[in-house]
Amino acid sequence: MEPARKTIGVLALQGAFREHRRMLDGLGADTRLVRWPGELEGLDGLVIPGGESTAIAKLLDIHGMYGPLRAAHGRGMAVFGTCAGAILMARDIEGARPDQEPLALMDVRIRRNAYGRQIDSFETTVPFAGVEGGPVKAVFIRAPRFADLGSGVRVLSAADDGEPLAVREGRALAVAFHPELTDDVRVHAYFLGSVVGA
Amino acid sequence: MTEQESGTLKVKTGFAEMMKGGVIMDVVNPEQAKIAEDAGAVAVMALERVPADIRAHGGVARMSDPTMIEGIVAAVSIPVMAKCRIGHFVEAQVLQSLGVDFIDESEVLTPADDEYHVNKWDFDVPFVCGARNLGEALRRIAEGAAMIRTKGEPGTGNVVEAVRHMRTVTTDIARIKGLRDEQLFTAAKDLQAPYELVKWVAEHGCLPVVNFSAGGIATPADAALMMQLGCDGVFVGSGIFKSGDPAKRARAIVEATTNYDDPDTIARVSRDLGEAMVGIEISDIPENELMAGRGW
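Here the structure is a predicted model, which is why all the values come from computation and not from measurement.

Novice: When you look at the sheet that holds strand 11 (residues 164-169) of chain A in this model, what are you seeing that I'm missing?
Specialist: Paired through their backbone hydrogen bonds, the strands of a sheet run either parallel or antiparallel. All names here are of chain A. With mixed pairing, the 7 strands of this open sheet are ordered in space as 2-1-3-4-12-11-10. Each edge of the open sheet is held by one strand with a lone partner, namely strand 2 (30-34) and strand 10 (154-158). The sheet shows a mean angle of 20° between the axes of neighbouring strands, taken without regard to direction. Where strand 10 meets strand 11, 4 bridges bridge the pair, whose relative direction is antiparallel. When the bridges of strand 11 are listed, serine 157 appears paired with alanine 166.

Structure follows, in structure tokens:
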């Protein structure tokens, strides 16, 4: 029997939300764009896309999303953040504006723009635990770095020097790079299969 | 981890993708940059004078002073863009060396070359360029632009040219969609654009890079209008800091851009914004002072 189709929301306040939606649609998920608290209802998972984290944080606040998003995650909604999304999910954010509230869905600290400016952005491939078929394609754009990982946080992907590039804590997955800008769907498939489906 | 490649087309266009649904604001000093960041701008454009003042001031408009650009880079954590003159590849080299995140090869400044644009493939930093129609957009993309900006008429507070250029691009795309190969060769000739890019657009029905709207956006409704017409985000130049309450207007334009298809939200954020910039009727501008016609 086919497993039940999962309903995945993609936070559509600002950023590359269409790319995530296209990937998830391609993997057979039922997707919808989410901007307001009521639209979190009934989601199995939520993607927080890349974009500008200060802008997304501002809009999360204006839209009254902080409390409802945390509550939905608390009730079991899986969350997958890439780049700016990963920044927003962290317990604390280095380099954020002082009035910016972290969503605090994961016990990690994160440092914004930790690789430098746009000129230091790059593409590469990285290993990813739990994904078959070798390293995954990854685009790093003004990417953040994870630090100070809590004991419940597992590193799924790391650079050769041990730098964590993707981390998971229960039903939360945060990735420093952009799989959605590539044609490699395996990180999204991992989210659907192993995080949402866990 | 395999080798890291920087300055690739993917890294450049991908960065532009991250700004979608957002507002890029012109700022002339660190204080304004902070106001823009506070309001939820996805990037700021650092320049010495907003287009309305360039228009009023006259003379040759050039790249901004590096000290001024560095002051803005230091003041905010969001990306910083800066403008070079059309064809002025040394100004572009300087901006890249200053660490700006995006270069706007802009008709708002006085062109430095009346025949050639910058070869943007020579740079690791991405470029955005203005366009009034599909052919112009594809010529800039062929030269290496990673993002397009429909020009509008800068510094006017009058959205009519922005609308015209957005509609022209959309109409041009609709016209070549579904053409047969032999027709596309002629379409490429007519558009004065490379065949491969024309073919790509005909197949996909959109530009191959992100397109923001610019040049005359002054209100939340203006921003939402451009979004509903199909752009990916907006540049607001003089419209914010030439208005009565820049912080409030900036935030309102950010909200309206996200909620561009929701009239209730646009109505709410449009209330009590104070005075909008005065604005200029396009036909009152002498022909030789129009900026949109610069670029070839």
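Right, picking up where we left off after that structure.
Novice: Quick question: what am I supposed to make of the nonpolar core here?
Specialist: What tends to happen in soluble globular proteins is that the nonpolar side chains get buried as a cluster. Counting residues in each nonpolar core, the largest one holds 112 residues, and the members touching the most others are A:Leu60, A:Phe128, A:Phe140 and B:Met226. Of all the elements, helix 5 (residues 186-196) of chain A adds the most residues to this core, at 6 residues. A:Ala16, B:Ala43, B:Val128 and B:Phe235 belong to the second largest nonpolar core, which has 23 residues in total.

Novice: Looking at this model, I keep getting lost on the UniProt feature "active site" (unreviewed entry) in chain B. Mind explaining?
Specialist: All names here are of chain B. In the numbering adopted here, UniProt assigns the feature "active site" (unreviewed entry) to Lys83. By the element assignment, lysine 83 lies in strand 4 (residues 80-85). For lysine 83, a relative accessible area of 7% puts it in the buried group. The residues contacting lysine 83, other than those within four sequence positions of it, are Met45, Ala46, Leu47, Met63, Leu95, Asp104, Ser106, Val108 and Leu109. A distance of 2.8 Å separates polar atoms of two side chains, one belonging to lysine 83 and the other to aspartate 104.

Novice: I keep staring at unusual backbone geometry and nothing clicks. Help me out?
Specialist: A negative phi angle characterises most non-glycine residues, just as the trans form characterises most peptide bonds. Residues and elements named next belong to chain A. Backbone geometry at alanine 104 places phi at a positive 55°, although glycine is not the residue there. As for its position among the elements, alanine 104 is in the loop between strand 5 (92-94) and strand 6 (109-111). Assessed through its relative accessible area of 44%, alanine 104 is described here as partly exposed. Although it is not a glycine, asparagine 113 adopts a positive phi angle of roughly 45°. Counting through the fold element by element, asparagine 113 comes out in the loop between strand 6 and strand 7 (122-126).

Calculation criteria
- Residues numbered from 1 in each chain as written.
- Chains lettered and ligands numbered in written order.
- Predicted model: local features only at pLDDT ≥ 70, side-chain atom pairs only at ≥ 80, totals over all residues.
- Heavy atoms only, no water.
- Pairing = 2+ DSSP bridges.
- Helix = DSSP H or I, 4+ residues; strand = E, 2+ residues; numbered from the N terminus.
- Axes fitted to C-alpha atoms, helices over the stretch in contact; angles between N-to-C directions.
- Core = buried A, V, L, I, M, F, W, Y, C linked by side-chain atoms within 4.5 Å.
- Buried < 20%, exposed > 50% of the residue type's maximum accessible area, 1.4 Å probe, protein only.
- UniProt positions renumbered as here; feature names shortened; annotations may be inferred.
- Contact = heavy atoms within 4.5 Å.
- Polar contact = N/O pair within 3.5 Å; in protein donor to acceptor, adjacent residues only side chain to side chain.

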